[in-house]
Amino acid sequence: MANAEVTPSVPDPPGGRKTARGLSLGRLGQYGGFLPAIVLFGLFFAAPLGLIVAYSFWQVVDYNVVHDWTLDNYRYFFSVSTYAKTFWATIWVSVAATALAIGIAFPFAYWLVRYIPKRLQKVFLILVILPFWTSYLLRVYAWLNILGPEGAINRFLHWIHLTSQPVSFFLYDRPAVILVLAYLYFPFAALTLYASLERFDWDQFKAAMDLGATPFTAVRKILLPQIRPGITTSVIFVFIPILGEYLTPQLVGGAKGVMIGNLIANFFVGAQYTRGAAAALLITALIVVLLIVFRRSLEVRDAYAP
Amino acid sequence: MPRELEVVSPRAGLMRFALSSWAALVYLFLFVPIGLLVAFSFNSNKYGTFPFTGWTTKWYGQVFGDYQIKDALTTTLRVALFVTIISTIVGTAAAFPLVRSKLRFRSAVRVGMTLPIMIPGLLIGVSLLVFLTNVFHLQLSVWTAIVGQSVYTTPFVLLIVAARLQGFDQSLERAASDLGANTFNRLRYVVLPLIAPAVFAGALFAFTLSLDEFIITLFLIGGSNTLPLYIYTQVKFGITPEVNALATLLLGASVLLIALAFLLPTAVRRARLALRTR
Amino acid sequence: MSMTEGRLSRAGLLKAGAAGALGLYAAGPAAAAALRFESTTLNLLTWSDHYANDQLKAVSKLSGLQGRPTLFSDNADAYLKIKQTGSQFDIVSGDALWVPKYLKDGLTESFDLSSLPVSKQLYSLAREFPFWKDGSNYMGYPFSWSTVQIYYNPKYVTTKPDSWHALLDKKYAGKISLENIPTDMMAIAARATGGKKPYAMTKGEISRAKAYLKALKPNVQKLASQNNEVIRALADGSAWIGVTNLGSDDRVKDAGGPTVLRAYPKEGTIGFIDSEQIVKASKNKSSFEKFENTMQQAPWIAKNFLTNGRPLFNEKAYKILVNTGHGDRARRLSYNKPENALKMTIKGPAGDEQAYVDAFNEVFGA
């Protein structure tokens, strides 16, 4: 709606950014807008994070943090193979869940943009966000009721006489974690993909097909290359938050579905702040690296406008 | 806008059918868990699971009689309100220099400001906890939770508003400037109305995120409970369908609000038209 | 839709939204004030099995003291919360050897137990736990206790698993449900492997305990974040064995599950003895006696036993249970034998928590 009206008629080059020139808000005002953000992020994000960095070099003795400088916490994570293994498991679970979420979301977003009248697209999008308005925990619990031995799937299989005994295969392993994470993060994938498909110039697509390209070739050769930035954005907004997940693996993953977040949470719950800080910072370091590599994709397209 | 393509390939019909079926499956995937959640709120089985043992509305009665839920709901809304106000103001203000100033390290700043939504929430919660209690010697309260949540929600507002500013046609502003409007007037009459939808979207997003925020709040809120925390502790010690009833009510309320958001503008326009013609 | 109209309607919407939000905000304190009008509020940091909602309501009417519970999972959790929130809580529940730690670290205050008339209803043994004595004062009001033992489903588990080592049998792969409390799991492993002090193991003992957990891991279905999940897994048949509190058999039955039986491991086990403590920084310390005196009355405690199914220390409540036909159940769960509580290793802070969590993570990581 309004978003289409103010968008300049000349399409943006993919991934391109228009640098604003000309009008400044006055010399003083140019950076003044950052002030509240600097206070909020500086005082309540950067400074605490700095303290946590210090924590990661300290020790806990009898539930109290002691300011003895040591590399012990870091050394520990690199000396015990469990953490590296859990870390890799976390990465591949996150990759799989991201791929699943985007794999489900892409045809969906394509359908929404191509076949649904503009006016109704918002309604369908809101239906995607709707599950967001119920509690995260209850959504995960609902999945226990679907995948569990007394759950919906087993009841259905039993009802159509496919199985005689409940199958516990669905729950308490990595596949369940991947499925539920994909479910939880699907709206992020759908929204970001929609935003970039919505801006795509479909005339090019049509031209390709007029010239004899099959729809699949047209998607592959014309569409995908142009919306790649959108896909990267959606990967970032799904993959990175999943890296830190711990409630879902705990609730549906069982003993075999543990992710790195669970191990970190164990440290914090047991008041081992210094160990926990070191582990969390190692994850954060990876995330920062990923963000720097993909920094261009952090420009969210104007898709959230109602 | 011309979005509909003419059917060129005979396969297009098939394609359309396949994609529509896919979309139907997606909505099924999204709503089966929600449907179950709602269904269990009417199930007399007190464990909130299968099997269905009978129809009841007693869980709803319990929700209204439970002062813990009332407390938690009040706290949640109060926290969400302040979080929304803070993150909308801070995020919108920062979006301007981020997009418009001649910033040399723009992408570094962008990464920095996006960091709070990317790092594990656990880390935000814990770091603020140790910082506020050890450095400022503050006691945990609703306010510490508000600050923690704002750190997390502000980047969303920032990104959404920045996106709108980027696709923003500056010639309008230039025109206003040429016509003699000062900075304030330009902001008030040209920029603000144009970015209002994005600001509203950002605020809505912040509000939504705050309502369901769990981990940061868990570490920072001290003696009060928000709804997600209440649900967590309930779930922890035996979830009752009361929680499902509560979730259903909240879902109903948000559907109602959205419907209103869609219908209200039309209704207002009609009313205005009716007034004008009289 | 033209631009102007879109904008105008949105501005209207924004205003309506803001007005609505402000309205909600205004309603909040009003509701809170209405609640406060009736009574003093006591903030409790506790477990959900320490109270019932109707009990709190009745107590509020009788005493004018409104208990407002906040729940926590693990002792370390509550300990830190009290440390960090100062005067925001008035009463905190705590386990066995955590109680002296609270006192030693200046977080709670001991009191004269005999000044609470209701304490006469307690077993005399519960009034004299040596680890809770602070001169003539007592560190907490004794509430409930339980051993942590093995519950098994005889349909699948044909030989009674009366040893921690019986759980290592390969045929139970993925069928054992445990709670995710690293310190306590390590303490159980200590009992299994002969560690002298389960909460203060030596390095060698820790590595033996770790080896035990490692052997157990393939059989673990899930590290439940809550006791209730263990019950649920036993009830729906997805777990054959659960390591859990006394009374779990009745709770499984209540949840529509099968008959499960109890096995007490011959190596011994751990367990909890919990209490209600006065938070030192509380501004309502004077209300503690009146509140607990109303809360801890035998009829409530008897009801609590029937709901939560683990023994409590109120002897008068036992008599009520006997008179109302629940004597068998109470005896089956050793309600009348509080001395059993002293045979187990009672929960407490770990000597070296970090080594415990490290070992636990190394076992249960990927």
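Residues numbered from 1 in each chain as written. Chains lettered and ligands numbered in written order. Predicted model: local features only at pLDDT ≥ 70, side-chain atom pairs only at ≥ 80, totals over all residues.

## Describing the domain arrangement of chain C
Residues and elements named next belong to chain C. Under the domain assignment used here, chain C contains domain 1 (39–139 + 271–343) and domain 2 (146–269 + 348–364). For domain 1 and domain 2, the distance between their C-alpha centroids amounts to 26 Å. Put simply, the parts of the chain that give the side of domain 1 that touches domain 2 at least two residues each are α4 (98–104) and β12 (270–279). A per-class count over the side of domain 1 that touches domain 2 returns six nonpolar, three polar and three charged. (Domains from an automatic or database assignment. Helix = DSSP H or I, 4+ residues; strand = E, 2+ residues; numbered from the N terminus. Nonpolar A, V, L, I, M, F, W, Y, C, P; charged D, E, K, R; others polar.)

## As for the interface of chain A and chain B
In this complex, chain A contributes 86 residues to the contact, which on the side of chain B involves 88 residues. In terms of residue count, helix α3 (residues 34–55) of chain A provides more of the side of chain A that touches chain B than any other element does, 13 residues in total. Counted by class, the side of chain A that touches chain B contains 60 nonpolar, 14 polar and 12 charged residues. (Contact = placed C-beta atoms within 7 Å.)

## Observations concerning the environment of threonine 92 of chain B
Residue and element names in this part refer to chain B. Tracing the backbone shows threonine 92 in helix α3 (residues 67–100). Through-space distance from the C-alpha of threonine 92 to that of valine 199 is 6.9 Å; in sequence the pair is 107 residues apart. Not counting chain neighbours up to four residues away, the residues in contact with threonine 92 comprise Val157, Val161 and Val199.

## Some thoughts on the domain arrangement of chain B
Segmentation of chain B into domains returns domain 1 (35–65 + 242–267) and domain 2 (68–236). Put simply, the middle of domain 1 of chain B and the middle of domain 2 of chain B, counted by C-alpha atoms, are 29 Å apart.

## Structural notes on the environment of arginine 110 of chain B
Residues and elements named next belong to chain B. Among the secondary structure elements, arginine 110 is positioned in helix α4 (residues 106–118). Note on arginine 110: 22 C-beta atoms within 10 Å, which makes it buried. As for arginine 110 and leucine 132, which are separated by 22 residues in sequence, their C-alpha atoms are 26 Å apart. (Buried ≥ 20, exposed ≤ 12 C-beta atoms within 10 Å, placed from the backbone.)

## Quick notes on the nonpolar core
Residues and elements named next belong to chain A. Core analysis: the largest hydrophobic core is formed by 275 residues, its most contacted members being Ala105, Ala109 and Tyr185. Considering each element in turn, this core owes the most residues, 19 residues, to helix α9 (residues 174–198). Alanine 105 has contacts with Phe186, Ala189, Ala190 and Leu193, leaving out every residue within four places of it along the chain. (Core = buried A, V, L, I, M, F, W, Y, C linked by C-beta atoms within 7 Å.)

## Overview of the pairing of strand β3 (residues 91–95) of chain C
Residues and elements named next belong to chain C. Across the five residues that make up β3, a large majority, five, are buried. Where burial is concerned, the two faces of β3 agree: the one with Ile91, Ser93 and Asp95 and the one with Val92 and Gly94 are both buried. Strand direction decides the pairing type here: β3 and β12, joined by five bridges, are antiparallel. Residue pairing in the sheet places aspartate 95 in a bridge with aspartate 274 of β12. (Pairing = 2+ DSSP bridges.)

## Some words on the confidence of the model for chain C
All names here are of chain C. Counting all residues, the mean pLDDT for chain C is 87, and 89% of those residues have values of 70 or more. Note on residues 1–14: pLDDT under 50 across the span, and 22 contacts to partners over four residues away in sequence or across chains. Here residues 28–38 is modelled with pLDDT under 50, and outside its nearest four sequence neighbours on either side it reaches eight contacts, counting other chains as well. Prediction confidence for the complex, expressed as pTM and ipTM, is 0.83 and 0.83 respectively. (pLDDT = per-residue confidence, 0-100.)

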